[in-house]
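# Results of the structural survey
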Amino acid sequence: MTARQRIVIGNWKMNPPTLPEALDLARAVGTIDPGEVLVGVAPPALALAAVAHALGDTQVRICGQDVHWEAKGAYTAGASAALLGEMAWGTLVGHSEVRRDLGDDDARVGRKLASALGVGLHVILCVGESETEYDAGATDAVIERQVGAALNGIARGAALSVAYEPIWAIGTGRPATASHASAAAATVRRAMSAAGLDADATAVLYGGSVTGGGAAEFAGADGIDGALVGGASLRAEEFAQIVRAFR
Ligand code: PGA
């Protein structure tokens, strides 16, 4: 098995609230030494162009947080993959907050993923179970359903990573254990293989309350190749510590 690319992405969500603050954060992230790690940030859509410009001379990759499933047309407030592709390296697709707030279901996530891949964006497909599903022992079933639905019909070799983010760990300060994350990563890869994709070559990230202090545990976890970081990515020093853990 060839060594997989390690990836650490900061998902800024709807933060920081002003453009000057977003640019300050971008400049600070731009000073991080990535080593061999692919480091990216996913700023809010309205700040994306400015942040991309500010980081233009650095190795930091720019990601969208979401993308529309249609290429263009009468979709007020939609973010087209083609426009995003002009400014960004990749995009999140299927984040649980988008599933929760903006009505994404498995079918729509699949269409968004295909739309992003179609313009050459690297997709970070987000999957993960709710607390109720976790308690019911349904983690594997949820991952298999989400991965299978999203990747059905996607060509082998597509520019793709998967972020396993249990919903109960996001923003709660209660990360999954490394062994739970490893087991989930193995399930992701089984589901990818079942869909005919090259699971061994695909990076699987863990997300959900990753901190500077906690990152090393995930960096050492079997099958985990990186992190999708929310809250801690808004503090450049702590984000740098997370990047170092994966170097
Ligand atoms: P968190 O968010 O690190 O704040 O838990 C992770 C995410 O939602 O991607």
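Treat the numbers as computed from the prediction; the structure is a model and nothing was measured. (Residues numbered from 1 in each chain as written. Predicted model: local features only at pLDDT ≥ 70, side-chain atom pairs only at ≥ 80, totals over all residues. Heavy atoms only, no water.)

### Thoughts on empty space enclosed by the protein
Let me state the cut-off plainly: Every definition here rests on a 1 Å grid over the protein atoms only: cavities are sets of points where a 1.4 Å probe fits but cannot get out, pockets are open sets enclosed by protein on both sides within 12 Å along at least five of seven lines, and lining residues have some atom within 4 Å of a point. Grid points are joined across faces, edges and corners, and a volume is the space filled by probe spheres set on the points. Here the term charged refers only to Asp, Glu, Lys and Arg, the term nonpolar to Ala, Val, Leu, Ile, Met, Phe, Trp, Tyr, Cys and Pro, and the term polar to all other amino acids, Gly among them.
Under the criterion given, the structure shown has 1 cavity of 30 Å³ or more. Put simply, the largest cavity is a space of about 40 Å³. Across the lining of the largest cavity, the residue classes tally to 3 nonpolar, 5 polar and 2 charged.

### Observations regarding the packing of aromatic side chains
Threshold: Between the rings of Phe, Tyr and Trp (Trp by its six-membered ring), a pair exists once the centres lie within 6.5 Å; its type follows the angle of the planes, with under 30 degrees stacked, over 60 edge-to-face, and the other angles tilted. Numbering of helices and strands runs from the N terminus, with a helix taken as a DSSP run of H or I at least four residues long and a strand as a DSSP run of E at least two residues long. Burial classification: accessible surface area is computed with a 1.4 Å probe over protein chains only, and a residue below 20% of its type maximum counts as buried, one above 50% as exposed, and the rest as partly exposed.
Applying the stated criterion across every chain yields a total of 3 aromatic pairs. For the pair Tyr134 and Trp168, a centre-to-centre distance of 4.6 Å together with 45° between the ring planes defines the contact as tilted. Of this pair, Tyr134 sits in helix H6 (residues 131–135) while Trp168 sits in the loop between strand E6 (160–164) and helix H8 (178–194), placing them 34 residues apart in sequence. Judged by relative accessible area, Tyr134 falls into the partly exposed class, the value being 35%. A residue is classified by how much of its surface remains accessible, and Trp168, at 7% relative accessible area, is buried. Judged by centre distance (6.4 Å) and plane angle (50°), the ring pair of Tyr164 and Tyr206 falls under tilted. Taken together, the residues span a long stretch of sequence, with Tyr164 in strand E6 and Tyr206 in strand E7 (residues 204–207) at a distance of 42 residues. The two residues Tyr164 and Tyr206 agree in class, both being buried.

### As for the sheet that holds strand E8 (residues 226–229)
We count it as follows: Here a strand pair is declared whenever DSSP counts at least two bridges between the two strands. To get an axis, fit a line to the C-alpha atoms, keeping to the stretch in contact for a helix; angles then go from 0 to 180 degrees between the N-to-C directions. Contact between two residues is taken to exist if any of their heavy atoms lie within 4.5 Å; hydrogens are not considered.
Taking strand neighbours around the barrel as the criterion, the 8 strands line up as E1-E2-E3-E4-E5-E6-E7-E8 in a closed arrangement whose pairing is parallel. Neighbour-to-neighbour, the strand axes of the sheet open up by a mean angle of 25°, direction not taken into account. The pairing of strand E4 (residues 90–93) with strand E5 (residues 122–127) spans 4 bridges and is classified as parallel. Bridging from a neighbouring strand, Gly90 pairs with His122 of E5. Sitting on the sheet, helix H7 (residues 139–151) is in contact with E5 and E6, with an inclination near 150° to E5.

### Here's the deal with the site of the ligand
The test is simple: A cutoff of 4 Å decides nearness: a residue is near a molecule or strand if any of its heavy atoms lies inside that distance of it. Nitrogen and oxygen atoms within 3.5 Å of one another constitute a polar contact, given that in protein one can donate a hydrogen and the other can accept it, and given that sequence-neighbouring residues count only through two side-chain atoms. Assignment to a cavity or pocket requires that more than half of a molecule's atoms be within 2 Å of the site's grid points.
Inspection of the region around the ligand gives 13 residues, with Lys13, His95, Glu165, Gly171 and Ser209 positioned closest. Gly171 is positioned such that a nitrogen or oxygen atom in its backbone is 2.7 Å from an oxygen atom of the ligand. More than half of the atoms belonging to the ligand lie within 2 Å of the grid points that define the second largest pocket. Grouping the amino acids of the shell around the ligand by side-chain chemistry returns 4 nonpolar, 7 polar and 2 charged.

### Describing the nonpolar core
Keep this limit in mind: Only buried residues count toward a nonpolar core. Its members are Ala, Val, Leu, Ile, Met, Phe, Trp, Tyr and Cys residues joined through side-chain atoms within 4.5 Å.
Judged by nonpolar contacts, the single largest core of 67 residues is most densely connected at Val51 and Phe246. Beyond its immediate stretch of four places on either side in the chain, Phe246 contacts Arg6, Val8, Val37, Ala215, Phe218, Ala219, Ile224, Asp225, Gly226 and Ala227. Judged by nonpolar contacts, the second largest core, of 13 residues, contains Ile9, Leu38, Cys63 and Ile124.

### So, H8
Defined as follows: Take the number of residues in a helix, subtract one, and multiply by 1.5 Å to get its expected span.
Between its first and last C-alpha, H8 extends 24 Å over 17 residues, near the 24 Å set by a 1.5 Å rise per residue. Every buried residue belonging to H8 is among Ala178, His180, Ala181, Ser182, Ala184, Ala185, Thr187, Val188, Arg189, Ala191 and Met192, and all of these are buried. The elements touched by buried residues of H8 are E5, H6, H7, E6, E7 and helix H9 (215–219). Positive phi appears at Gly196, one or two residues downstream of H8, with a value of about 85°.

### Remarks on the pattern of salt bridges
Just so we agree on the cut-off: For this document, the term salt bridge refers to a Lys or Arg side-chain nitrogen within 4 Å of an Asp or Glu carboxyl oxygen.
In the structure shown here, the tally under the stated rule is 13 salt bridges. Of the charged contacts, one joins Glu97 and Lys13 as a salt bridge, the two residues approaching to 2.9 Å between their closest N and O atoms. Residue Glu97 is located in helix H4 (residues 96–101), and its partner Lys13 is located in the loop between strand E1 (7–11) and helix H1 (19–30); the two are separated by 84 residues in the primary sequence. Exposure remark for Lys13: the relative accessible area of 21% places this residue in the partly exposed category. When the shortest N-O distance is used, the salt bridge between Arg111 and Glu70 registers 2.9 Å. Of the two residues, Arg111 sits in helix H5 (residues 106–118) while Glu70 sits in the loop between strand E3 (61–64) and helix H3 (81–87), which places them 41 residues apart along the sequence. Given the relative accessible area of 44%, Arg111 is considered partly exposed.

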